[in-house]
Amino acid sequence: MNFVIIAVIVLGAIGLVSAVVLFVTSQKFAVREDPRIKDVAEVLPQANCGGCGFAGCSGFADACVKSADKGSLDGMLCPVGGQKVMNEVASILGMSSSDSVAKIAVVRCNGTCENRPRTAIYDGLKKCSAINACGAGETACGYGCLGCGDCVDACMFNAIHINPSTMIPEVDEDKCVACGACSKACPRHIIEIRLKGEEKRICVDCVNQDKGPVAMKACSVSCIACGKCKKVCEYDAVSIDGNVAYIDASKCTQCGKCVEACPRHAIDSVSLSSKCLNEEVNKL
Amino acid sequence: MKTFKLGGIHPSEYKLSAEVATVAAPLPAQAVFPLSQHIGAPAKPIVAKGDYVKVGQMIAEAGGFVSAPIFSSVSGTVVKVDSAIDATGYRKPSIIIKVEGDEWDSSINRSDQLELLSSHQKLTSEEIISAVKNCGVVGMGGACFPTHVKLSPPPGSKAEFVIINGVECEPYITSDYRLMMEHADEILVGVQLLMKAAKVDKAFIGIEENKPKAIELLTERAKDYAEIDVVPLKQKYPQGGEKQLVNAVVGRFVPAPPAIPVSVGAIVQNVGTAFAVYQAVMKHKPLFERYVTVTGKKIKHPANFLVRMGTPMSQLIDACGGMPEGENKLLAGGPMMGKALTSVDVPICKGTNSVTVLSGKDARRKEPQPCIRCAKCVSVCPMGLEPFLLATLSSLKEWDAVEKECITSCIECGSCMYTCPAHRPLLDNIRMGKSTVMGMIRARNNKNKK
């Protein structure tokens, strides 16, 4: 009988002392987190993709709160949630959200199997980064797409796929959130995060920096830096740097003159409205 | 007989061109000199379009301390300083020269007479190193590390001996063997010069037992040089790796990077480098030609050439009877560590010891199968690593884990992939992981410096 009482008293005493210690430490060392961080994190998509440039959604929420304390939410954008989520974040933090523009990943290579002849056979590890490290790849173009899909592996939104007939990745306009993971994964830096545009999007689909004659031999749709697009552009949107033309999307008015002028058909015009129309027609 | 302790494999030899005497390759119509033929900063061109250059004239100066100048191997007019395809498969800045005649720079001593060190006793260590530096001599075994840098050990480490690499453990290649057979005396004087430059008084020449004639010849000629020992080694790949060679010859282990052989007192140089040092110091002849083996089972006449650098490989293959029909794999180097090329127009550079053509089924890899956990790769790894683990972790992008598993120690010898019964692309994955980890370490060091 005595043993039972002693055990109860001893255990009770240990429990009491521990409770006091725990209470004191929890009060003294408590981490006080701004309750707004939790609120903001709740409206975020929780994809933890890192597309915003911070370590996951909680990191972004923390950054949003800090930025709001400084007075504005400029430059903060969750590419997955887009404007809708940013409006919600702004209302939680009692701010007006800044307008953002939609962006999308654009694959700047059109070196399909037909356009770019194969000059060698590669039978090593099927990864773009491995091929890039050991040579120019299966074609004579040392800048173009390697077609093994490092970008596909990097995408967390299932928005990019290799087209088996061209062996070039294609971006799904609806699924892409412009997080930039594919762009970082591409060892040849072909994928660019560009303004999405409303009706049309015009882009040079080539990054080959070789001089004209060499680029011409490697691929039938390569940019040879002839400068015709630059001459014809009335809005100063085209620049030629390192033997390749580049169109500044913020200056481009989608007039389409460069597309017609390009002798190599290297400038691609994607008509977004016709795509939407087609979809509507299909629905009907 | 000595050999290194850990791992190693025994690939078939195929030394097809071993007894074919070296001949001078015909002059090319146009020579191409990539500006990056060595480890370190690329050289800076000092000639322009339209300039006339002579054989042995400097056309690009060193781009830093770890760099080497480049010399013209032909006389003629500079066509352009532009990009041209090199062994990396990419177009790199190069100097292109149209060949006209064969006019040599007058400062080069072209006589074949042997110059002994005893008649040049006044030469100092600094004079030898500066001659080596000014003549653009780099490691001729393939890595192309500038020789003057290797001869100036970092502070805190002291060289005790020079080890000369006459192992040539790669299958097919015979260029070093031919050099030893044809220029044994010059190599021995070169070794003396290397010893004097490194301020050491002992040298070993390691030669594998599959070259008995070379062992016999060098042992006999080395009788006059008390400080040079010829060490016959048991045949095993990759004995030509410098860490393996140090272990085989003197029994010391070189620790993991950043340690280098000189950390345990050894300076390792190739026989080709010893010959180049002899020519640079005694004959004032810069490095612009080298011994190259052109070989392959289907090549009609495998041969050894003394080639002027900048000669396109296609010309050498044509001189051996042309490219075999069907599917071929062209390698700069041997089948184990050579680099597969996408063009036959790649020029011979300072590090090109062989042009190997693999034909038919040798040209293709076998289909990879799942790993059966046999651990053969672990038992053959000469660095004591676990290749299957490194390859898997690299493919999963576990960079911190591969760094802990010492991926930077890998010498990329390919023994693991050679021995793998499932034909897994182990080295492809390891190489990818190694380059990523090296990049991470560099970024970290730069950050710490700041």
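Residues numbered from 1 in each chain as written. Chains lettered and ligands numbered in written order. Predicted model: local features only at pLDDT ≥ 70, side-chain atom pairs only at ≥ 80, totals over all residues. Heavy atoms only, no water.

### Here we look at the overall build of chain A
In plain terms, the rule: By definition, any uninterrupted DSSP run of H or I lasting at least four residues is a helix, any uninterrupted run of E lasting at least two residues is a strand, and each is numbered from the N terminus. Atoms counted for the radius of gyration: C-alpha only. Globule rule: 2.2 Å times residue count to the power 0.38. Burial classification: accessible surface area is computed with a 1.4 Å probe over protein chains only, and a residue below 20% of its type maximum counts as buried, one above 50% as exposed, and the rest as partly exposed. What makes two residues a contact is simply this: any of their non-hydrogen atoms within 4.5 Å.
Along chain A, the regular secondary structure elements total 11 helices and 8 strands. For 284 residues, the compact-globule estimate of 2.2 N^0.38 gives 19 Å, and the C-alpha radius of gyration of chain A, at 27 Å, exceeds that figure by more than 25%. Expressed as a percentage of the 284 residues in chain A, the buried residues total 38%. Of all intrachain contacts in chain A linking residues separated by at least 6 positions in sequence, the fraction that spans at least 24 positions is 60%.

### As for the layout of surface pockets
To keep it simple, the criterion reads: Buried and open spaces are told apart on a 1 Å grid over the protein atoms alone, a cavity being a set of points where a 1.4 Å probe fits but cannot get out and a pocket being an open set with protein on both sides within 12 Å along at least five of seven lines. Residues with an atom within 4 Å of a point are the lining residues. Grid points are joined across faces, edges and corners, and a volume is the space filled by probe spheres set on the points. Under the scheme applied, nonpolar residues are Ala, Val, Leu, Ile, Met, Phe, Trp, Tyr, Cys and Pro; charged residues are Asp, Glu, Lys and Arg; polar residues are all the others, including Gly.
There is about 830 Å³ of room inside the second largest pocket. Along its surface, the second largest pocket is lined by 31 residues, and Val214 of chain A together with Ala84, Ile85, Arg91 and Asp345 of chain B are the ones closest to its centre. Counting only elements with at least two residues in the lining of the second largest pocket, the list comes to helix H8 (212-218) of chain A together with strand E2 (30-34), strand E7 (76-85) and strand E8 (91-99) of chain B. Ranked by the residues each element gives to the lining of the second largest pocket, the list is headed by E7 of chain B, at 6 residues. Residue classes in the lining of the second largest pocket are distributed as 15 nonpolar, 9 polar and 7 charged.

### What to know about the sheet that holds strand E3 (residues 44-45) of chain B
All names here are of chain B. How we decide: Whether two strands pair comes down to DSSP finding at least two bridges between them.
With respect to topology, 3 strands assemble into an open sheet ordered E3-E5-E6, the strand pairing being antiparallel. The open sheet is flanked by E3 and strand E6 (70-71), the only strands paired with a single partner. Across 2 bridges, E3 lies against strand E5 (residues 58-61) in antiparallel orientation. The partner of Pro45 across the bridge, within E5, is Ala60.

### A short note on the sheet that holds strand E13 (residues 289-295) of chain B
Residues and elements named next belong to chain B. What the 6 strands build is an open sheet, ordered E1-E14-E13-E17-E15-E16; its pairing is mixed. Looking at which strands have only one partner, the edges of the open sheet turn out to be strand E1 (23-24) and strand E16 (339-340). Two elements, E1 and strand E14 (residues 303-308), share 2 bridges in a ladder whose sense is parallel. Paired with Val23 across the bridge in E14 is Phe305.

### Structural notes on the confidence of the model for chain B
Interpreting fine coordinate detail is not advised for predicted regions of low pLDDT. Short version of the rule: Residue-level confidence of the predictor is summarised by pLDDT, bounded by 0 at the bottom and 100 at the top.
Scored by pLDDT, chain B has a mean of 93; 100% of the residues are at 70 or more. Confidence metrics for the complex model read pTM 0.85 and ipTM 0.84.

### So, the state of the cysteines
All names here are of chain B. Using the following cut-off: When two cysteine sulfur atoms are found within 2.5 Å, that pair is recorded as a disulfide.
What the rule picks out here adds up to 0 disulfides over all chains. Free of any disulfide, Cys169 has its nearest neighbouring cysteine sulfur in Cys413, separated by 9.0 Å. Assessed through its relative accessible area of 15%, Cys169 is described here as buried.

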